[in-house]
Amino acid sequence: MTVRTRFAPSPTGFLHIGGARTALYCWLEARRRGGEFVLRIEDTDRERSTEEAVKAILDAMHWLDLDADEAPVYQTHRLARYREVAEKLLAEGKAYYAYESKEEIEAMREAAMAKGEKPRYNGYYRDRNEAFREDPNRVIRFRNPQEGSVVFEDKVKGRIEFANSELDDLVIFRSDGWPTYNFAVVVDDIDMRITEVIRGDDHVNNTPRQINIYHALGAPVPEFAHLPMILDKEGKKLSKRTNSVSVMEYREDGYLPHAILNYLVRLGWSHGDQEIFSREEMVKLFDTADVNKAASRFDTEKLNWLNQHYLKSDEPATLVPEFEWHLQRIGIDASKGPAPAEVIVALRDRVHTLKEMAERAKIWYGPITEWDDKAVAKHLQNDSAPRVLDEAKALLATVEWQPEPIHQVIEQVAARLELGMGKVAQPLRVAMTGTQVSPSIDHTIYLCGREEALKRIDAALVRARG
């Protein structure tokens, strides 16, 4: 049997970072075992589900390069199928119509709680064999077994057992004519031939109900793996107040998709002490059965370290499309300045994210808009700075325009004027950037381009002599 995993988000908002980890684990389990990874959009919450959210989820999955092997399945397109299966259960006596009002259900729950019992449906219509009738309160309930237990081996948590006496007869079709979650996902997973259900551990309590529906439909039960939560560094549930939680927010913050994936794979799984994993290594080594039972804590500092590792080690050309995306976001046209790959080389040792890199790269894609007064006073308005700038300008006008020859020019100026390298580099740095902070001075000058570099020296000379 072909292994088939699925990721099944609800399109009521962005793709959460926890959902991205679930999608990654599903994708990896399928890839490692030569199987198939599919996507289901659980959009039956018609009030909260939106087309914008669907697009946001699909965009995030594509950015992470976790595209599914088949076109997405939408639950809203499958209503007739859910009705067909519910009718089958009704015909076989495995489900029944119930007609209690919301007020009657609430009274039922309150009565149970008053007795110190768990609030639940009391089974009033279970054996009444009520026929279909038009009624605004009409629902279809599943006839859950009342004896025995549901036992399953969770690939993460181990053996889990629920007594059927603890499970009431859940609604499988609501009064609005739509299926409930626990019913729809079972029908979907059967029809989609899902063999492995990998999802968050908030679904553990749903699993015995779903297994009983599988049995009622005579379908094979998939294997289950319930993943522990991701917590923030204080041990609390991730929230927008303390962390970015949307995958695409991490893109906007300047992280690389493969850095995100590498970080997420280690949030609950490990292979010895290894921290850096290529996609090929993840596919080869990952096994859901090795996922930790305990919750993981999200550490932004570690993500920053990992992101910078890839900024430093990746081929610069492979980073260009994502870097250009960040330049465009801050209004920079990458065609009107130095080659983005060369900017990446100049800056990648100094930043943790592409967002930082794009901000620092502004100096090469437009004029200096602000001058640091302290830097000007210290490095331009002194006795030696005008001579340094004059000498450098004359030599830079004819030198081969590459970082190494430019570096030699700086050394020549220092030798001619009998000055230390700092006394030469800093005036030029302020001339090129308006500040006293930049990458190596040879790269800083080189990335300006010859014509622009000479213009900036002229502008600096005005300030030096003014």
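Our structure's up above, just so we're on the same page.
Residues numbered from 1 in each chain as written. Predicted model: local features only at pLDDT ≥ 70, side-chain atom pairs only at ≥ 80, totals over all residues. Heavy atoms only, no water.

1. A word on the pattern of salt bridges
If you walk through the whole model with that rule in mind, you get 43 salt bridges. Put simply, E70 and R4 hold a salt bridge, and the shortest N to O gap is 2.8 Å. With E70 in the loop between α2 (51–63) and β3 (73–74) and R4 in strand β1 (residues 4–7), this residue pair connects regions lying 66 residues apart in the sequence. Across the pair R33 and E29 runs a salt bridge whose closest N-O atoms are separated by 2.9 Å. Looking at E29, the relative accessible area reads 0%, which means it is buried. Connected through shared salt-bridge partners, R6, R40, E42, R78, R81, E84, D188, D189 and D191 make up one network. (Salt bridge = Lys/Arg side-chain N within 4 Å of Asp/Glu carboxyl O. Helix = DSSP H or I, 4+ residues; strand = E, 2+ residues; numbered from the N terminus. Buried < 20%, exposed > 50% of the residue type's maximum accessible area, 1.4 Å probe, protein only.)

2. What to know about unusual backbone geometry
At N129, a position not held by glycine, the phi torsion is positive, near 50°. Relative to the elements of secondary structure, N129 occurs in the loop between α4 (102–114) and β5 (139–142). The phi dihedral of R193 is positive, around 60°, even though this residue is not glycine. Positionally, R193 belongs in the loop between α5 (181–191) and β9 (196–200).

3. Regarding the environment of R329
You can see R329 is positioned in helix α11 (residues 316–329). Classification of R329 as partly exposed rests on a relative accessible area of 47%. Along the backbone, R329 and V409 are 80 residues apart, and their C-alpha atoms lie at a distance of 36 Å.

4. Points about the pairing of strand β2 (residues 36–41)
Most of β2 sits out of view: five of its six residues are buried. Of the strand pairs in this sheet, β1 and β2 are connected by four bridges, and their pairing is parallel. Looking at the pairing, R6 lines up with V38 of β2. This β-α-β element, β1 to helix α1 (residues 17–32) to β2, shows right-handed connectivity. Where β2 meets β3, two bridges bridge the pair, whose relative direction is parallel. Paired with I41 across the bridge in β3 is Y74. (Pairing = 2+ DSSP bridges. Right-handed = clockwise from strand over helix to strand, strands pointing away.)

5. Some details on the layout of surface pockets
In this structure, the largest pocket spans a volume of roughly 960 Å³. Taken together, 32 residues form the lining of the largest pocket, with H16, G18, G19, D202 and H203 sitting closest to its centre. Broken down by secondary-structure element, the contributors of at least two residues to the lining of the largest pocket are β1, α1, α5 and β9. The greatest single-element share of the lining of the largest pocket, amounting to four residues, is contributed by α1. Looking at the lining of the largest pocket, its residues break down into 14 nonpolar, nine polar and nine charged. (1 Å grid on protein atoms, 1.4 Å probe; cavity = no way out; pocket = protein on both sides within 12 Å on 5 of 7 lines; lining within 4 Å. Points joined across faces, edges and corners; volume = space filled by probe spheres on them. Nonpolar A, V, L, I, M, F, W, Y, C, P; charged D, E, K, R; others polar.)

6. Considerations on the sheet that holds strand β8 (residues 171–173)
A sheet is described by the order of its strands in space; here three strands give the open sequence β4-β5-β8, paired in antiparallel fashion. The outermost strands of the open sheet, each flanked by one partner alone, are β4 (95–98) and β8. Averaged over all adjacent pairs, the angle separating strand axes in this sheet is 45°, with direction ignored. This element, helix α3 (residues 79–91), spans β4, β5 and β8 of the sheet and lies at about 130° to β8. (Axes fitted to C-alpha atoms, helices over the stretch in contact; angles between N-to-C directions. Contact = heavy atoms within 4.5 Å.)

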